[in-house]
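Single-letter residue listing:
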Amino acid sequence: MARTMWDSTVGKKTVMAVSGLIMLLYLVAHMIGNLKIYFGAGEFNHYAHWLRTVGEPFMHYEWTLWLIRVVLIVAVVAHATSAYQLSRRDIKARPSKYVHSRPRASYATRTMRWGGIILGLFLVWHLLDLSTGTVHSGGFQEGHPYQNVVDTFSTWYGDVIYIVAMLALGLHIRHGFWSAAQTLGVGSRARDRALKTIANVLALLLTAGFIAVPVGVMTGVVS
Amino acid sequence: MTEYVNYATGEPVTDSKAPSGPINERWDKRRFEAKLVNPANRRKHTVIVVGTGLAGGSAGATLAEQGYHVVQFCYQDSPRRAHSIAAQGGINAAKNYRNDGDSIHRLFYDTVKGGDFRARESNVHRLAQISVEIIDQCVAQGVPFAREYGGLLDTRSFGGVQVSRTFYARGQTGQQLLLGAYQALSRQIAAGNVEMHPRTEMLDLIVIDGRARGIVARDLVTGKVDTYFADAVVLASGGYGNVFYLSTNAMNSNATAIWRAHRRGAYFANPCFTQIHPTCIPRTGDHQSKLTLMSESLRNDGRIWVPRAKGDTRPPNRIPEDERDYYLERIYPSFGNLVPRDIASRAAKNVCDEGRGVGPGGQGVYLDFADAIRRMGRGAVEARYGNLFDMYQRITDEDPYEVPMRIYPAVHYTMGGLWVDYDLQTTVPGLFAIGEANFSDHGANRLGASALMQGLADGYFVLPATINDYLARNPHQDPVTAEHPVVREALAETEDRLNRLLSVDGDRTPDSFHREVGELMWEFCGMARTDAGLRKALERIPQIREEFWRRIKVPGTGEEFNQSLEKANRIVDYLELAELMCLDALHRDESCGGHFREESQTPDGEAARRDDAFGYAAAWEFTGTGAAPVLHKEDLVFEYVHPTQRSYA
Amino acid sequence: MKLTLRVWRQKNADAEGAMSTYEVDGISSDMSFLEMLDVLNEQLILAGEEPVAFDHDCREGICGACSLVINGDAHGPERTTTCQLHMRSFEDGDTIDIEPWRAAAFPVIKDLVVDRSAFDRIIQAGGYVTAPTGSAPEAHATPVPKADADFAFEHAECIGCGACVAACPNGAAMLFTSAKVNHLNVLPQGAPERETRVLDMVAQMDAEGFGGCTLTGECATACPKGIPLVSITNMNKEWLRATRKAGKR
């Protein structure tokens, strides 16, 4: 069954849909956590610490977090690999362009591909910036995420990178969520409108929620 | 011409396979008497099938299911595109689901009568019997026929029939039935039982020792002319209506396969029996390349009329009720707008000839739905005919919900074709003809929704039963190779003809010749024919033929995809077939069905049949291009349906 | 009207192609698009040039042979087949670009003619009901709910023209494949082969080199028969269902 999945274009799309939905679920939680920054360093840092101890005493320190990380890494790799393979296939399936090209509604495809690449690059920067601190501006302090976030969004390029990425994320979710529903076969004529609305609301909420953090820093509400 | 019309009358042709006895037992009897081929031996037999329409597609699939090795050809890029796909209305079957008095005998009776007593009783009865099985078969294949809310099949009444026996799939019945056959064929292609050659056109028949043993065909992509061999050849290449240039046939439908078979010895029967369909969209100008049919089902609810006065150019909505002539309802009060096709067509021609036609050139009559919309509401009309109305609007840019449609008759179907016996075998042993390509079941006029029935009956049920008998009786035929002198000669003849076409390098296009002969045929061998007109056409055709070989221009080469060459080569055959059609029409000095001779009519202008003199099928034997053919008569015997003058008044 | 046509000319499958420019005059608005091309071809033949090759047959919108991309749109600006497109959709003096379907799975044969046999092979892979002649039960033995029959019909309307592939930026054949899967899978007659049908047809579709679906909806917009995009969703559902069932066996 796994073989059938991976060998088929429809199967690979299923992999993309499922991995995308896992990441989407994670992002919702991530965004809610992020908003705690508005309640001060104490609450935010405490929340960050809790992430490492959640599940204790059954789980050891950071086990739950790592479990989530592993799931996410698998999801990202599966999502990106299928996307890459499918895109290569799509480009090969249409080797010559029309001489008379017209502005097509293929904007969805294009935003998915370019948006996906942007998000991938962002993810690398984001981890190096706030998880490992490798490219962090100013002194990265392990265990003090509040300060680290404020540092990042105190630079103009930190804000630009983050906001651009979050806009890309919004567009990606908007088509991706609806698209995943079609791939998983849950779309129908009757449900189409509802699905599109949910996709739009999710995209809007996540984009707004994530962007609220740099905006908070920039406006001085968070400092 | 004088030489050509002086045809000789040869020995009568008899149907040696027709069983005797009670008519409803004949098909069983024939199937029992027919020899069978041992299933293990079937794969050793190769059968060539030319064409993939309803008849060819269903025959190819069924023969392959039986275990024969089938080699099949179509000129289209896919077997799914055969012109059966364009049939709109429906398919008849004597299921009597409506409990409205239908029966196999009634379908048999209606078809013989509708064909104006020029069809063979045994064949027609078999067709009516098989009609019932066809519906079962198609439903099992997943053909999405229209259904009622209870989930059972819906039927409607259709063209000139008083029972509701026509099964349909909206206005696309032909498409759905063809796709069913195509899918069955596809299954056999995938299983390796059918070797399919799309984009390959049959250009000649190979006859060795008096038996059909193969064909010459051209790969339309590479241009390569090749030979293919078999133990039997089945022609399912459709009708020859395109000899008229403008018809409802597909642009590339052609007569080459059957005409080449005719030249190789197969008799051609009743070539003048062509059906002019009453409800087509009128032509708009000289650029017209084909005519589009509007399903006859429209006549169930639409009312046909013209203005009472000549030259009335007021828009239809401004012509008051009492200044309209609903001429079919007036002349034929009991059948009204539902009279058979030939009668409806001729009536339209008559009112237009009187100067009361409407639209550009006065070549049209109104088909009005205003009453139907008032009676059932626009929604109901839309549900029944929506797709036809859309099609009409797309072509004419007029809204038939608001203004009446304009319609005019057009060539639609050819009842004539290769002469076949009860087994559907032609006069060349081993050569079979099925579907529209043969002449068998419709007599001088085909009833609506009967073409699909006949194509599928031939392909699914009749041929697969009867071809066994031929193959069983000829189990060991010498293998044929490309080296055989007859094969080499056939191949060389075909290549010569193509090279000749390419080398003339004249100044006229293939289409210009096609149009010229088509217009000639429409004028003199169309809806009404006269002795003088036919003689004129017979004088003109050899002249066009001569001019053709002097002035034709075919660009490109033969070793490539060359659509001009394809066309030109088909016209070569039209120019001979047209001549035979005119001769047949000239010799048949009576009116019957689609063949109306002005000299032979009743005082009130109805067709007058002459059963004593012409109660036969005319099977013509080829003797050479431009040389007088030989007429062989097959006397038609009516034991069950006694010929009466048709009356639809 | 007078028009300028820019037409893709390509001698054969191996040759390089290019757009060539032609003028045609005296075009009536009642002509179909193909009749306009007939006029061009008559002109070309008399000028000693090779006419433009294009596929066409029934010219009434049902056989699915005609296949032109006109000004970047499969079958041109109206939602219909090229043969049912009329010149009244254009203006006097227009320049019209005419190209063949473009997809790796539809190689050009000549000029505007492409090879669509990949579609036939998708049907051969499972687009049928195994019902040998003579084996059928009485037609009324199995009633089919009208809604299912209508659903089947709506998908069975596909004419296999390939506009969906031509319009898709990925050259995908999902709409074509889904139309047949949905037609047969909803019917009781198609039920026994429901799983193998969708799995085999999708596998064949992939093997032919068609692209994957990114749900841009271009196919459904181009489809002259109005096969809806949700048809693809339905096929995905059928495919997942079949994969799960196959996994359990």
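What you see is a predicted model, and the numbers here were worked out from it, not measured in a lab.

Each value, and the rule that gives it
Residues numbered from 1 in each chain as written. Chains lettered and ligands numbered in written order. Predicted model: local features only at pLDDT ≥ 70, side-chain atom pairs only at ≥ 80, totals over all residues. Helix = DSSP H or I, 4+ residues; strand = E, 2+ residues; numbered from the N terminus. Rg over C-alpha atoms; globule rule 2.2 N^0.38 Å. Buried ≥ 20, exposed ≤ 12 C-beta atoms within 10 Å, placed from the backbone. Contact = placed C-beta atoms within 7 Å. Axes fitted to C-alpha atoms, helices over the stretch in contact; angles between N-to-C directions. Parallel < 35°, antiparallel > 145°, perpendicular 65-115°, else oblique. Left-handed = near helix turned anticlockwise from the far one by under 90°. Core = buried A, V, L, I, M, F, W, Y, C linked by C-beta atoms within 7 Å. Domains from an automatic or database assignment. Nonpolar A, V, L, I, M, F, W, Y, C, P; charged D, E, K, R; others polar. Pairing = 2+ DSSP bridges. Expected span 1.5 Å × (residues − 1).

Explanation requested: the overall build of chain B in the structure shown.
When its secondary structure is counted, chain B shows 18 helices and 21 strands. Taken against the 2.2 N^0.38 rule, which gives 26 Å for 649 residues, the C-alpha radius of gyration of chain B at 24 Å falls within 12% of a compact globule. Seen through its principal axes, chain B has C-alpha atoms that stretch 75 × 60 × 45 Å. Counting every position in chain B, which comprises 649 residues, the buried fraction comes to 61%. Sequence separation of at least 24 residues holds for 74% of the intrachain contacts in chain B that already meet a minimum separation of 6.

How should unusual backbone geometry be read in this particular structure?
Negative phi characterises most residues that are not glycine, and trans characterises most peptide bonds. For the bond from Glu56 of chain A to Pro57 of chain A, the omega torsion is 5°, close enough to zero to count as cis. Looking at the secondary structure, you find Pro57 of chain A in the loop between helix H3 (40–53) and helix H4 (63–93). The backbone of Asp397 of chain B sits at a positive phi, close to 65°, despite the residue not being glycine. Positionally, Asp397 of chain B belongs in the loop between helix H12 (378–396) and strand E17 (405–414).

Explain the packing of helix H3 (residues 146–156) of chain C against helix H5 (residues 174–185) of chain C to me, please; I cannot follow it from the model alone.
How two helices sit against one another is set out by the angle between their axes and by the gap between those axes. Residue and element names in this part refer to chain C. Packing of H3 against H5 brings their axes to within 8 Å, and their N-to-C directions diverge by 155°. Classified by the angle their axes make, H3 and H5 are roughly antiparallel. For the pair H3 and H5, the crossing hand works out as left-handed. Residues Ala152, His155 and Ala156 of H3 pack against Ala179, Asn182 and His183 of H5.

So what exactly am I meant to see when it comes to the nonpolar core here?
Most often, soluble globular proteins keep nonpolar side chains buried together rather than apart. Counting 293 residues, the largest nonpolar core has Val234, Leu235, Leu418 and Cys582 of chain B together with Cys164 and Val165 of chain C as the members making the most contacts within it. Ranked by residues supplied to this core, first place goes to helix H17 (residues 563–587) of chain B with 14 residues. Contacts of Leu235 of chain B, omitting those with residues within four sequence positions, involve Val50, Gly51, Ala257, Ile258, Ala261, Leu418, Phe432, Ala433 and Ala437 of chain B. By size, the runner-up hydrophobic cluster in this structure holds 25 residues, among which are Met16, Trp178, Phe210 and Val213 of chain A.

Any chance you could explain the interface of chain C and chain A here in plain terms?
Interfaces are often described in size by the accessible area the parts lose on coming together. In this assembly, 38 residues from chain C lie in contact with 35 residues from chain A. Looking at the side of chain C that touches chain A, the elements with two or more residues in it are strand E5 (95–100), helix H6 (194–207) and helix H8 (230–248) of chain C. Ranked by the residues each element gives to the side of chain C that touches chain A, the list is headed by H8 of chain C, at eleven residues.

Can you walk me through the domain arrangement of chain C in this structure?
All names here are of chain C. Examined at the domain level, chain C breaks down into domain 1 (3–41 + 50–110) and domain 2 (117–248). If you average the C-alpha positions of domain 1 and of domain 2, the two centres end up 28 Å apart. On the domain 2 side, the residues contacting the 17 residues of domain 1 number 15 residues. Class assignment of the residues belonging to the side of domain 1 that touches domain 2 gives a composition of nine nonpolar, six polar and two charged.

How do you make sense of the sheet that holds strand E11 (residues 232–235) of chain B when you look at a structure like this?
Sheets are built from strands paired through backbone hydrogen bonds, the pairs being either parallel or antiparallel. Residue and element names in this part refer to chain B. In space, the five strands of this open sheet follow the order E7-E3-E2-E11-E19, with parallel pairing throughout. On the outer flanks of this sheet lie strand E7 (194–197) and strand E19 (431–433), each paired with one strand and no other. Strand-to-strand twist of the sheet, defined as the mean angle between neighbouring strand axes without regard to direction, takes the value 20°. Here E11 runs beside E19; their pairing, made up of three bridges, is parallel. Residue pairing across strands places Val233 opposite Leu431, the latter belonging to E19. Helix-sheet contacts for helix H8 (residues 256–263) involve strand E2 (46–50), E11 and E19, and the interaxial angle to E11 is about 130°.

Got a minute to help me understand helix H10 (residues 341–353) of chain B in this structure?
Residues separated by three or four positions in an α-helix point in the same direction, a consequence of the helix having 3.6 residues per turn. All names here are of chain B. Taking 1.5 Å per residue, 13 residues should reach 18 Å; H10 reaches 18 Å between its end C-alpha atoms and fits that length. Within H10, eleven of the 13 residues are buried, leaving the element largely enclosed by the surrounding structure. Buried-residue contacts for H10 involve strand E13 (274–280), strand E14 (303–307), helix H9 (327–331), strand E16 (365–368) and E17. Immediately beyond the C-terminal end of H10, within one or two residues, lies Gly355, with a positive phi of roughly 90°.

How do you make sense of H4 of chain A when you look at a structure like this?
Here H4 of chain A spans 44 Å end to end across 31 residues, near enough to the 45 Å set by a 1.5 Å rise per residue. Listed in full, the buried residues belonging to H4 of chain A are Ala75, His79, Ser82, Ala83, Leu86, Arg89, Asp90 and Ala93 of chain A.

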